[in-house]
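# Structural features, examined
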Amino acid sequence: MRAVHAIRAEEDLLAARHAVREATLRAGFGLVDQTRIVTAASELARNAYVHGGGGTLTLEIVQQSGRRGLKLVVSDQGPGIADIEQAFTDGFTTGAGLGHGLGGARRLMDEFHVWSSPGRGTTVTAVRWNGRG
C-alpha cells in the first residue's frame, strides 16, 4: 500500500490525519502506536503546510526482516531549514508554535531522517515498526 496526499490547505491536514490513522490500522498497529504515528504525521504535515507553503505526505506500509511498519515521507518546496540540529531543539521555533514539532515527531518514530536545503525545501522520512509481529 502506497498513497500520496497533497497538503495545500488547512482541511488537507485533517484528511492526512484520517489517512494516517487508516494506514496504521491496515499495518496492524495497536492504539498507542497509532496515536504516536498520527501525532508525528500531523506535526510533519503541519510543518510542511505552515513553513513550506504546502507539500505532500506519502504513506507506505513496509516490510523488513519479518517486521511490518509504516513509512511517512513529508516533502515541501519551501525555504528549507538552515540548521537542522537547532530545529530539533525543544523550544526552537520559526513560527508561533511551541517548538516541539520536529523533535517531538522524531521521538515518536523509530527511524527519522531529514533532508533540507535552504531555498529548495525539506523532506522528512520517518518509519515506525510494529512490535506486534
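The rules we used
- Residues numbered from 1 in each chain as written.
- Predicted model: local features only at pLDDT ≥ 70, side-chain atom pairs only at ≥ 80, totals over all residues.
- Heavy atoms only, no water.
- Pairing = 2+ DSSP bridges.
- Helix = DSSP H or I, 4+ residues; strand = E, 2+ residues; numbered from the N terminus.
- Axes fitted to C-alpha atoms, helices over the stretch in contact; angles between N-to-C directions.
- Contact = heavy atoms within 4.5 Å.
- Core = buried A, V, L, I, M, F, W, Y, C linked by side-chain atoms within 4.5 Å.
- Buried < 20%, exposed > 50% of the residue type's maximum accessible area, 1.4 Å probe, protein only.
- Parallel < 35°, antiparallel > 145°, perpendicular 65-115°, else oblique.
- Left-handed = near helix turned anticlockwise from the far one by under 90°.
- Expected span 1.5 Å × (residues − 1).
- Arc of directions from axis to C-beta.
- Polar contact = N/O pair within 3.5 Å; in protein donor to acceptor, adjacent residues only side chain to side chain.

If you look the protein up in an unreviewed UniProt entry, it shows as Anti-sigma regulatory factor from Streptomyces huasconensis.

## Points about the sheet that holds strand β3 (residues 67–76)
Strand order across the open sheet formed by five strands is β1-β2-β3-β5-β4, with antiparallel pairing between neighbours. In this open sheet, the two strands that pair with only one neighbour each are β1 (2–7) and β4 (111–117). When strand polarity is set aside, the average angle formed by the axes of neighbouring strands in this sheet is 15 degrees. Relative to strand β5 (residues 121–129), β3 is paired through eight bridges, and the arrangement is antiparallel. Paired with V73 across the strands is T125, a residue of β5. Against the sheet, helix α1 (residues 10–26) makes contact with β1, β2 (55–64) and β3, and its axis sits at roughly 5 degrees relative to β2, the strand it touches most.

## Here we look at the nonpolar core
V20, L57, L70, L72 and F112 are the most contacted members of the largest nonpolar core, which has 27 residues in total. Those elements that provide at least two residues to this core are α1, α2 (31–50), β2, β3, α4 (101–108) and β5. If near-sequence neighbours (up to four positions away) are discounted, L72 is found in contact with I37, A41, L57, T58, L59, M109, V124, T125 and A126.

## Brief notes about the packing of α2 against α4
Running from N to C, α2 and α4 point in directions that differ by 150 degrees, and their axes come no closer than 9 Å. As the angle between them shows, α2 and α4 are arranged roughly antiparallel. Where α2 crosses over α4, the two elements pack in a sense that is left-handed. Taken together, the residues of α4 that come into contact with α2 (itself represented by R36, T39, A40, E43, L44 and N47) are G101, L102, A105 and L108.

## Regarding α1
The first and last C-alpha atoms of α1 sit 25 Å apart over 17 residues, in line with the 24 Å expected at 1.5 Å per residue. Listing the buried residues of α1 in full gives L13, A16, A19, V20, A23 and T24. Taken around the axis of α1, the buried residues stretch over an arc of 135 degrees, which confines them to a single face. For α1, the exposed residues lying more than 90 degrees away from the buried face are E11, L14, H18 and L25. Buried positions along α1 lie against β1, α2, β2 and β3. With its phi angle positive at about 85 degrees, G28 sits one or two positions after the end of α1.

## Regarding the side chain of T122
Looking at where T122 falls in the secondary structure, it is placed in strand β5. Here S116 takes part through its side chain, which lies 2.8 Å from a polar atom of the side chain of T122. Each residue touching T122, except ones within four places of it in the same chain, is listed here: V74, S75, D76, G80, I81, V114, W115 and S116.

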